Amino acid sequence: MRSPVLDPRQFDWTLAAFTATLAAHLLWLPPWFAAFLAGLLVARWLQRRVYARAWPVWIKLPLVGVVLTLVVFEFGNPFARQAGTAALIGLCTLKLIESERRRDGLLIMTVTLFLVSVQFLFNQGIGITLYMLLPTLLVFLALNEIAAPPGTRGGLASQIGSLGRELLLLLAVVLPLTLFLFVSVPRLSEPLWGTRENQWEARTGLSDTMSPGSITELLADDTPVMRVRFPDGPPARSSMYWRGPVLWRFDGTTWSRAYLGNPQMREGRVDGPQDGAADDLRYEVTAEPSDRRWMLTLDFVTGFPQGANRSLDGSLVRERPISSVYRFTARSHPDAPVPVERFASTQRRFGLELPPGLNPRSLRLAQSWRRELGDDPRALVERALRHIREGGFGYSLSPPPLVGAHRMDEFLFETRLGFCEHYAAAFVVLMRGAGVPARVVTGYLGGSYNRIGAYWVVRNSDAHAWAEVLVDGRGWVRVDPTSAIAPERIDQSGAFAGGDLGRDWEWLRSLRERVDAVQAWWNNHLVRFDHLHQQDFFSGLGIDTGDWKQLGVFIAGGLAGIGLLTAALFWLQRRRMPGDPALALYRQFLRRLRRQGLQPGASEGANDFGRRAAAALPALAQPIAEVVGAYEAARYGRIGDAGLPRLRTALAAFRNASNRKG
Amino acid sequence: MAVAASSAVPANWRERVWRWLDQRLPSLTRRHRHERLPITLDRRRIYIVPSGFGLFFGAMMFAILAGALNYNNNSALLFGLLAVSLGAVSMLQTFRNLDRLSLVQVAADPVHAGDPVHLAFHLRCEDARTRFAVTLTLAGEQRHVEIAPGRTTEASFALPSGGRGWYTPAPVRISTTWPFGLFHAWSWLHSDARVLVYPRAETPPQPLPRLPDPGRISGADPGDEDLRSLRDYQRGDPLRLVAWKASARTGELLVRQLEAPQARETVLDFHHIEGLEVERRLSRMTRWVLDAERAGIRYRLLLPETSLGPDVGVAHRLRALKALALHALPGP
């Protein structure tokens, strides 16, 4: 039997639910791809209003090809998360184009629920999570419409009056059940199938290379990277350098990481977890998912958790990428240089490497300083900073592009306009030219304090790059050449680069703080609720999750409680029934006869009882017969409720007669 | 043993399975037993299973939850569980969409054999909830109704009536997948309601038999019969009414019309109709009953087992038609 045709309302609800889901994916879908799909949906909607037919195969088939080609063209590997999701969204759109029957609608709605949950792989913010309630609700309303057989109305969607009660009742049961299940469903301590590094790509954030423009992109991005709490008070803002990847290699354009010729280094496995000294600065970081392994910490990190390693260049690296909100506690020795623990000669060699033959003018300048000042790193650093401070340099987030082969020469002697990535890079080139080992460090600087939540939030717009030079006997010492040209960049990070409106718009700033505090709360309590937190939660209730019996009792008890709640709600609703008016009148009649000692038997119908009563009370036989007849007619007869007046009259007559008799 | 009311539809495998179940597990199917109206549905007689779509939905939910757990993605898990909870509670709602729903009456007027039986199933909520998208299935036909509380809603079917006698409707399947189509709940309504099917009234109509006036028929010369009071012979006419002379004149067999305007009474005698099989006699008598009523002529109905009247009027007509409908049929 063929499935019935979707009527226009069912189709519209289906389309609405799918479109609302598509809208949620706009956060990451390339706009032109989304626009293409939206165009198809609009065309389909208009077409179906005029002529309810599927699109012919000579349109559909090429469209499938186009969608898949676009996906591969945009994302490359069609099996990665983004490409796979984009392909699914595209094919679902095409399915809508040929959906004429109810089973197609049901299929699309089920896939839409899948797309709702896939969305959370991209973003788990509280705003988007609340929004996702809309597509979910729409899916169920569409299912409700589709479940209504042809010619009848779907209840929830079309009946506002009944909608209220039925929906409230549904939610009153569904919400506790959902939350209970959410808490009780056992979380996995280890994933069942793997999530390889770099499989999920292209979340904005620090990359492990620095090429022109890579930081500019970040500076325009306001999304939080992490939130930090300092239980013992924060350090000075000017020492909040959140350390990310350290870049050694320079090819004239791009800076990249180096593996110091040692397999351990490649693994990032240098130091295991450490506790740190008791008087070191303690802080608690809640990192947003970055799909990267960097754990951004202050220099010099001395205490860090299991699963993290401190690499030779002083950055903290996690064993697995941070794919969901991750909280850790760390300790740092503030502003301490990064010690050269091992491989000193390799580090020195890498710290002096320059691309051969490039930037001759810069090198000549650096060598002249060297001849002048000898090999004292401090004096050379001071000289370079003075050069930047006094050489007519300026700070700009949109400097003229550097295009030639000798880019550092171009920057240092011609444009003289740039921001942290230019200054850090140029400074390191100068230092290396002068014979001082140096390297670029990328990360974030500062953060903004949230007064509502009493934490610091670091955003992508706080991205920064600075330099480190090797000082014998001390280690790698931080030098921030940008501070020489724009000290306010250091003191008021965020406000300076990110286009923060906060300084002039106090209320907006305060609103933003509030919103962010809610997001932080959400991250801490919902997003981060994992295996360990579940154990904590249950042990807080006095339940040992290792003991299946205790856990079973808890789950059974919880479900029973929700069952009771459901039963109570339904019972209340049942009690409120108005009752059958004919039956109510008939009961009055029965009450009166009961006084005469007459009661219908268990299986005695109104007719039989009426005859018996008439026989027992011959004086009332006529009124009794009339009441019974009127009752039968009103309750079971064709006239239905139109028979009520006759029943009332008959009942009144019966009452009068029995009173007279009584 | 001709039970005219049973359905003439050939039994396919599904019907056979049901018949077997009815015999073996009557308490499970409740199709077989006739019940007195009103029939109120309750949890003991409502069956519910996941629909095909429900199973597909469940598989998808399983995939979503497994993925959410694996990636430790709590938002996805939360939404997966929300959908699962909605689905689970919808099972209760599907059940409640039938629970405490009553079939209060099956209304049907008697019909003549060959005319469709119009059955109206009157449904009523026993509480204050509206029942949405309830489907009644009978003899392969479906009716979809929404039943608001406090009044009676009817679903009508027109079914072939078969032969004369008591027509007992097959069990009605009442089902719903409301609200989301994930579950399918159903029950059987097999009321003891039955409909009387009268014999088919004969066409073309035969004139009513005149009350026999023995003196006139035997004494008078049939020769001077006026041609206007003659009509064509039809099978079953008594031979003594044949106007032999007139027939000889015209070359066609003619019989005398027994219409006497003053005679307001007649006898409809089963035995008086000759040369016809039983059903056709009944059919002719049915026509006569209707014609006599229309003309307001008192009539006596004579059947082998009964004799009714002479009388005229609604009650007499109903009695007469009932007697004709049930002539020589077993049981009540």
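Just so we're clear, the structure is a prediction, and the values are computed from it rather than from any experiment.

Thoughts on the overall build of chain B
Helix and strand counts for chain B come out as eight helices and 17 strands. A sequence separation of at least 24 residues applies to 66% of the contacts in chain B between residues at least 6 apart.

Side note on the confidence of the model for chain B
All names here are of chain B. On average, chain B scores 80 in pLDDT, and the residues at 70 or more come to 84%. Segment residues 1–10: pLDDT under 50, and 13 contacts once partners within four positions in sequence are set aside and those in other chains are kept. Residue range residues 214–227 is modelled with pLDDT below 50. Its contacts to residues more than four positions away, or to other chains, number 11 contacts. Taken together, the chains of this predicted complex give a pTM of 0.69 and an interface ipTM of 0.75.

Digging into the sheet that holds strand E4 (residues 111–112) of chain B
Residues and elements named next belong to chain B. If you trace the three strands from one edge of the open sheet to the other, you get E4-E12-E9, paired in mixed fashion. Looking along the sheet, the strands with just one partner apiece sit at the ends: E4 and strand E9 (165–167). Contacts from helix H8 (residues 314–326) reach E9 and strand E12 (195–198) within the one sheet, and its direction differs from that of E12 by about 85°.

Some words on the nonpolar core
Formed by 114 residues in total, the largest nonpolar core has its most connected members in Met109, Val139, Ala142 and Leu143 of chain A together with Phe121 and Val289 of chain B. Here this core gets 11 residues from one element, more than from any other, and that element is helix H5 (residues 102–122) of chain A. Among all residues touching Ala142 of chain A, those that are not within four sequence positions of it are Trp13, Thr14, Ala17 and Met109 of chain A. Counting 79 residues, the second largest nonpolar core, distinct from the first, contains Leu219, Phe427, Val441 and Ala463 of chain A.

Considering the interface of chain A and chain B
Taken residue by residue, the interface counts 55 residues in chain A and 47 residues in chain B. For the side of chain A that touches chain B, the elements supplying multiple residues, two or more each, are H5, helix H6 (126–147), helix H7 (155–158), helix H8 (160–184), helix H18 (506–527), helix H20 (548–575) and helix H23 (621–636) of chain A. Class assignment of the residues belonging to the side of chain A that touches chain B gives a composition of 31 nonpolar, 16 polar and eight charged.

Some thoughts on unusual backbone geometry
Residue Phe300 of chain A follows Asp299 of chain A across a cis peptide bond; omega there is -15°. Cis geometry is adopted by the peptide bond preceding Pro179 of chain B, which originates at Trp178 of chain B and carries an omega value of 5°. Its place among the elements puts Pro179 of chain B in the loop between strand E10 (172–176) and strand E11 (183–189). One non-glycine residue, Asn72 of chain B, adopts positive backbone phi at about 50°. Secondary-structure assignment places Asn72 of chain B in the loop between helix H3 (52–70) and helix H4 (74–96). Its 22 C-beta neighbours within 10 Å are what place Asn72 of chain B among the buried residues. Even without being a glycine, Arg100 of chain B presents a positive backbone phi close to 60°. By C-beta crowding, Arg100 of chain B is classed as partly exposed, having 17 other C-beta atoms within 10 Å.

Brief notes about the packing of H5 of chain A against H6 of chain A
All names here are of chain A. Look at H5 against H6: their axes get within 10 Å of each other, and the N-to-C directions meet at 165°. Accordingly, the angle class assigned to the pair H5 and H6 is roughly antiparallel. Viewed along their axes, H5 and H6 form a crossing whose handedness is left-handed. In contact with Arg102, Gly105, Leu106, Met109, Thr112, Leu113, Val116 and Gln119 of H5, H6 contributes Met132, Pro135, Thr136, Val139, Ala142, Leu143 and Ile146. The class makeup of the residues in the contact of H5 with H6 is 10 nonpolar, four polar and one charged.

A few points about the pairing of strand E15 (residues 265–269) of chain B
Residue and element names in this part refer to chain B. Burial along E15 is one-sided: Thr266 and Leu268 are buried, and none of Glu265, Val267 and Asp269, which face the opposite way, are. Bridge count between E15 and strand E16 (residues 298–302): five bridges; the pairing is parallel. For Asp269, the partnering residue across the bridge sits in E16 and is Leu302. Taken together, E15, helix H7 (residues 278–295) and E16 constitute a β-α-β crossover, and its handedness is right-handed.

Quick look at helix H13 (residues 377–390) of chain A
All names here are of chain A. Given a rise of 1.5 Å per residue, 14 residues ought to cover 20 Å, and the 20 Å separating the end C-alpha atoms of H13 matches this to within 8%. Residues of H13 that are buried: Pro377, Leu380, Val381, Ala384 and Ile388. Looking straight down H13, one finds that the buried residues subtend no more than 100° of arc, so they occupy a single side. Along H13, exposed side chains directed more than 90 degrees from the buried face belong to Arg386 and Glu390. The secondary structure elements touched by the buried residues of H13 are helix H12 (360–373), helix H15 (420–433), strand E19 (463–471), strand E20 (475–479) and helix H16 (481–485). Count one or two residues on from H13 and you reach Gly392, which has phi positive near 80°.

Cut-offs and rules
Residues numbered from 1 in each chain as written. Chains lettered and ligands numbered in written order. Predicted model: local features only at pLDDT ≥ 70, side-chain atom pairs only at ≥ 80, totals over all residues. Helix = DSSP H or I, 4+ residues; strand = E, 2+ residues; numbered from the N terminus. Contact = placed C-beta atoms within 7 Å. pLDDT = per-residue confidence, 0-100. Pairing = 2+ DSSP bridges. Axes fitted to C-alpha atoms, helices over the stretch in contact; angles between N-to-C directions. Core = buried A, V, L, I, M, F, W, Y, C linked by C-beta atoms within 7 Å. Buried ≥ 20, exposed ≤ 12 C-beta atoms within 10 Å, placed from the backbone. Nonpolar A, V, L, I, M, F, W, Y, C, P; charged D, E, K, R; others polar. Parallel < 35°, antiparallel > 145°, perpendicular 65-115°, else oblique. Left-handed = near helix turned anticlockwise from the far one by under 90°. Right-handed = clockwise from strand over helix to strand, strands pointing away. Expected span 1.5 Å × (residues − 1). Arc of directions from axis to C-beta.

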